[in-house]
Amino acid sequence: MRLDTGESRCYSNSNKGINMNDYKPLEAAVIELLRNYPWYGQLIASMDKQLTDKVPIAGVMVTSRIVLMINPKEFNPLPQKVQIGILLHECYHIVHQHMARSKKISKQFNKALNIAADRAINESLTYLTKNNQVVAVIPDELTDSSGKKIKPVTKKNFQEQFKGKKIEDGQDMEYYYRFLKENAEEGDGPGDFGGDMDTIDDHSHWEEGNGNEEVTKEIIKKAMEKASQKAQGRTPSDIQAILNELNKSTVSWQSVLQRFVAKCTENNIDSSRKRLNRRYGVVHPGTIKEPKLRLGVAIDS
């Protein structure tokens, strides 16, 4: 069954051997997410979806749209509760604008940044219940298709990695990044900032985004607003708080003045033999642009 969200969305795959049937587990998980957490389900449903083996399990990035990448070989065999946990995990990266904020923390993506981003959001995704039923899970251990054990960045795994260290819960990505950098040499891992913990998704694709922080924020804000409209009054309070913050406009008086001056400036164009004509050379005179501006400045004392 094709998920119908009322909008046309791109379903694509970037690898041979992947067919449209590989989307069925993803679509089933999104439908279940819509039933239990409508706002997050609408956000996921609005994303362009790509099947690829370029991510470990999943990944998300913002280009001109929000793109959700799924590795069906790893994602599809997982229990649906874990699949939903991973989809919520990707939503949290989006709504907390981790791809834009990470560039302010470090110019280069590294494991510390990846671990910090996941630690900040996985704490609230360990077990999500509704009507006393577990809906979503980020487990302390996963097994991939090759049999390799993966230790996601959960609260339990993080505390075990840094036993004896004071770690504050419920903090943001920036806090956990500073913590990892400060304790890098004292961690159990060989200076890799996270020991044997690993992320369940790929953050390297954040660098492939549009690269403009303001554009990224605007794309995210519009996607969140559309999800709120479709969720019909079922927007979570923490999401509404984030939207309110995004909608706060800070006006730069320098930018306003610059646009005003540019609008008021007139260019007088005169012909002159002293200027070479770009099209006809010496046959016709060139043009000289002389900007003129009459600007009155008043100071309120």
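Calculation criteria
Residues numbered from 1 in each chain as written. Predicted model: local features only at pLDDT ≥ 70, side-chain atom pairs only at ≥ 80, totals over all residues. Heavy atoms only, no water. Buried < 20%, exposed > 50% of the residue type's maximum accessible area, 1.4 Å probe, protein only. Helix = DSSP H or I, 4+ residues; strand = E, 2+ residues; numbered from the N terminus. Pairing = 2+ DSSP bridges. Core = buried A, V, L, I, M, F, W, Y, C linked by side-chain atoms within 4.5 Å. Contact = heavy atoms within 4.5 Å. Axes fitted to C-alpha atoms, helices over the stretch in contact; angles between N-to-C directions. Parallel < 35°, antiparallel > 145°, perpendicular 65-115°, else oblique. Left-handed = near helix turned anticlockwise from the far one by under 90°. Phe/Tyr/Trp six-rings, centres within 6.5 Å; stacked < 30°, edge-to-face > 60°. Patch = residues over 30% accessible without salt bridge, like charges linked within 9 Å, V, L, I, M, F, W, Y side chains within 5 Å. Areas by Shrake-Rupley, 256 points an atom, 1.4 Å probe, with all protein chains shown as cover. Salt bridge = Lys/Arg side-chain N within 4 Å of Asp/Glu carboxyl O. Expected span 1.5 Å × (residues − 1).

Peer 1: I keep staring at the pairing of strand S3 (residues 58-62) and nothing clicks. Help me out?
Peer 2: The side chains of a regular strand alternate between both faces of the sheet. With five of five residues buried, S3 lies mostly within the body of the structure. Where burial is concerned, the two faces of S3 agree: the one with Ala58, Val60 and Val62 and the one with Gly59 and Met61 are both buried. Of the pairings in the sheet, the one linking S3 to strand S4 (residues 66-70) comprises five bridges and is antiparallel in character. Note that in S4 the partner of Val62 across the bridge is Ile66. Pairing of S3 with strand S9 (residues 201-202) involves two bridges; the strand directions are parallel. Bridge assignment links Ala58 to a residue of S9, and that residue is Asp201.

Peer 1: Looking at this structure, how should I read the nonpolar core?
Peer 2: It is characteristic of soluble globular proteins that their nonpolar side chains tend to be buried jointly. In terms of nonpolar packing, the biggest core is built from 68 residues, with Trp39, Tyr40, Ile86, Leu87, Phe158 and Met224 touching the most fellow members. The biggest single contributor to this core is helix H4 (residues 80-95), with nine residues. Aside from chain neighbours lying at most four places away, what touches Leu87 is Leu26, Ala29, Val30, Leu33, Ile44, Leu68, Ile70 and Phe75.

Peer 1: Looking at this model, I keep getting lost on the packing of helix H5 (residues 98-105) against helix H8 (residues 173-182). Mind explaining?
Peer 2: Helix-helix packing is described using two parameters, namely the angle between the two axes and the distance between the axes. With their axes 11 Å apart at the nearest point, H5 and H8 run at an angle of 40° to one another. Compared by their axis directions, H5 and H8 come out oblique. Once H5 is placed against H8, the crossing between them reads as right-handed. Across the interface between the two elements, His98, Arg101, Ser102 and Ile105 from H5 touch Met173, Glu174 and Tyr177 from H8.

Peer 1: Explain the packing of aromatic side chains here, please?
Peer 2: Two measures describe an aromatic ring pair: the distance that separates the ring centres and the angle between the ring planes. For the coordinates displayed, the defined rule picks out seven aromatic pairs. Between Phe162 and Phe179 the ring centres are 5.2 Å apart and the planes differ by 80°, which places this aromatic pair in the edge-to-face class. Placement of Phe162 in the loop between helix H7 (155-161) and H8 and of Phe179 in helix H8 is noted, with a sequence separation of 17 residues between them. Exposure class is identical for Phe162 and Phe179. Each is buried.

Peer 1: I would appreciate a short explanation of the environment of Asn244 in the present structure.
Peer 2: As for its placement among the helices and strands, Asn244 is situated in helix H10 (residues 237-246). The spacing of Asn244 and Lys221 is 23 residues in sequence and 9.9 Å in space, taken between C-alpha atoms.

Peer 1: Quick question: what am I supposed to make of a nonpolar patch on the surface here?
Peer 2: On the surface, a cluster of nonpolar side chains totalling about 620 Å² of accessible area is made up of Leu257, Phe260, Leu293, Leu295, Val297 and Ile299. Summarising the element assignment, Ile299 is placed in the segment after strand S11 (281-292).

Peer 1: How do you make sense of the packing of helix H2 (residues 38-46) against helix H9 (residues 213-231) when you look at a structure like this?
Peer 2: Running from amino to carboxyl end, H2 crosses H9 at an angle of 130°, the nearest separation of the two axes being 8 Å. In terms of orientation, H2 lies oblique with respect to H9. Handedness of the H2/H9 crossing: right-handed. From H2, Pro38, Trp39, Gln42 and Leu43 reach across to H9, where they touch Ala223, Met224, Ala227, Ser228, Lys230 and Ala231.

Peer 1: How should unusual backbone geometry be read in this particular structure?
Peer 2: The bulk of non-glycine residues show a negative phi, and the bulk of peptide bonds are trans. In this structure, Gln97 takes a positive phi of about 55° despite not being glycine. Within the secondary structure, Gln97 is located in the loop between H4 and H5. Here Gln232, not a glycine, exhibits a phi torsion of approximately 55°, which is positive. For Gln232, the location among the structural elements is in the loop between H9 and H10. You can call Gln232 exposed: its relative accessible area is 63%.

Peer 1: When you look at the pattern of salt bridges in this model, what are you seeing that I'm missing?
Peer 2: Pairs may arise between side chains of opposite charge once their charged atoms sit close together. Overall, the coordinates contain ten salt bridges when judged by the stated rule. Among the ionic pairs, Arg65 bridges to Asp48, the shortest N-O distance being 3.1 Å. Residue Arg65 is found in the loop between S3 and S4, and its partner Asp48 is found in strand S2 (residues 48-51); the two are separated by 17 residues along the sequence. Residue classification places Asp48 among the buried residues on the basis of a relative accessible area of 13%. Two residues, Arg119 and Asp169, come together in a salt bridge whose shortest N-O distance is 3.0 Å. Of the two residues, Arg119 is situated in helix H6 (residues 111-122) and Asp169 in the loop between H7 and H8; the sequence distance between them amounts to 50 residues.

Peer 1: Hey, could you run me through H6 in this one?
Peer 2: Residues three or four positions apart in an α-helix share a direction because the helix packs 3.6 residues into each turn. Taking 1.5 Å of rise per residue, the twelve residues of H6 would be expected to cover 16 Å, and the 16 Å separating its terminal C-alpha atoms lies within 8% of that figure. Buried residues dominate H6, accounting for ten of its twelve residues. Every buried residue of H6 is accounted for by Ala112, Leu113, Asn114, Ile115, Ala116, Ala117, Asp118, Arg119, Ile121 and Asn122. As for H6, its buried residues are in contact with H4, H5, H7, H8 and S9.

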